[in-house]
Each structure stands twice: as structure tokens, then as C-alpha cells.
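Breakdown of the fold
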Amino acid sequence: MPSDPRSTEAGSQFGTGLGNYYENPRYDAHPAVCVSWWSAYAFAAFEGKRLPTALEWEAAARGVDGRLFPWGDTPDGTHVNCADSWVGRPVVTYQAWYRDFAGDAVRLAGVTPVEERPGNRSPFGVLDMVGNCWEWTSTNLTNPGEAVICGGSYDNPMRAVQTSSKGVYRKNGASNAVGFRCVQDLDSDTGRTKETAA
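A brief look at the structure comes next.

Re the sheet that holds strand E3 (residues 166–170)
The strands that make up a sheet are held in pairs by hydrogen bonds between backbone atoms, and each pair lies either parallel or antiparallel. Spatial strand order, E3-E2-E1-E4: four strands in an open sheet with mixed pairing. Of all the strands in the sheet, just E3 and strand E4 (178–179) have a single pairing partner and so form its edges. Note that strand E1 (residues 134–136) and strand E2 (residues 146–150) share two bridges and pair antiparallel. Each bridged residue has a counterpart across the sheet, and for Trp136 the counterpart in E2 is Ile149. Most of the contacts of helix H4 (residues 54–62) go to E2, to which it runs at about 0°, and overall it touches E1, E2 and E3.

A closer look at the pattern of salt bridges
Per the counting criterion, the structure on display carries seven salt bridges. Between Arg67 and Asp65 there is a salt bridge whose closest N-O contact spans 3.1 Å. For Asp65, a relative accessible area of 53% puts it in the exposed group. Linking Arg117 and Glu116 is a salt bridge whose minimum nitrogen-to-oxygen distance equals 3.2 Å. In the salt-bridge network here, residues are joined through shared partners; they are Arg50, Glu56 and Asp185.

The rules behind these values
- Residues numbered from 1 in each chain as written.
- Predicted model: local features only at pLDDT ≥ 70, side-chain atom pairs only at ≥ 80, totals over all residues.
- Heavy atoms only, no water.
- Pairing = 2+ DSSP bridges.
- Helix = DSSP H or I, 4+ residues; strand = E, 2+ residues; numbered from the N terminus.
- Contact = heavy atoms within 4.5 Å.
- Axes fitted to C-alpha atoms, helices over the stretch in contact; angles between N-to-C directions.
- Salt bridge = Lys/Arg side-chain N within 4 Å of Asp/Glu carboxyl O.
- Buried < 20%, exposed > 50% of the residue type's maximum accessible area, 1.4 Å probe, protein only.

Interpretation in functional terms is not warranted from these geometric data alone.
This is the structure:
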């Protein structure tokens, strides 16, 4: 059962410093965040893996039937860590986000354990593909100093945390709303990859 997303314990992991986040076993099941693209890339390479492309990421989240959300086409706030979860109702407009989330809720909000919402599972069994934190990909657009991020995060409304949600972020940036996952090529003949949480 997910913890109350409004609890100060769930969202205050960065209040005492990032060192506590990576040293405290309480956060072992949380996504790796505050990691630049370069650090994510280096970690993946060290593990013999790589960052997925934006297309691979979306395919893993959507499945072969092109779902809006990993669990299907119907929004369900119980499946995702997003701004709507933190304010307890749909956040439809920017004005509503600013009024309802940008005040107290944003100070309490944060990433939650990956397995906390088992309904946020792709058709391929990959957990937490939307919401919680944006995820780095290996895809660049026009600026080589930026990379595509996918999935949305805890501070985005439900309408912005879909399997097709994408953004662009500077590669040397790090944010508590951006993390990563790695992929590993299993068979060069089939081209299949396996996603693993970082």
C-alpha cells in the first residue's frame, strides 16, 4: 500500500542533504536522482549497459498496443507519483498547479520507492515508467549538450506523465526530479534489450 504522498517523510529526502539520500538504507528502493547525464552514462558503461534511446524507452513503457499509460489508457492516480497525488485531486491547468502544488505540496513532494505503485507496470513488466522522476535517455536533438528525458516526475500533473511524455534537459544538469535506468543488450541477433532500474 503506498504511503501517504503528503507525509513529510516521503518528500523530505533532500532536506538533510543528498548525502543522506544515498547513504541512508531507507532510500535503497528509491530511484537514483540528482545524477547528470554524464554520470548516468558512466554508470551504465561501468555496469556493461547503456542508457536507452527515447524510442526504446517509450516502446518499453507503451507496449505493442501503444498505451497512454503503462497500465492502459485510463488515468489512475493510485498508479503514479505525480502532482495530482500530492494535492489529492486532478491538476488540470497551470494556474491550478501553481495554486495547489507550488506552495506547501512542492515542499513535501519527492520521489518514492519504485515498487510502491505496482500498478505502474508496463506490459513488459518494467516498473515506474511514468511519474516519480524523469529518466535520461541517450537521445540528443539539435544541441549536443542536451538529452531527451522521458516519463514525467512527481512534480508534473497527471496529464504530463504519460508514456509519450518527453522533455529536454542539459546533460550537465542534475535534479531531484531526474533519474535514469539502464538497458542491456541481451542478444545482438534479435536486438532485444532488457531494462533494469538504476
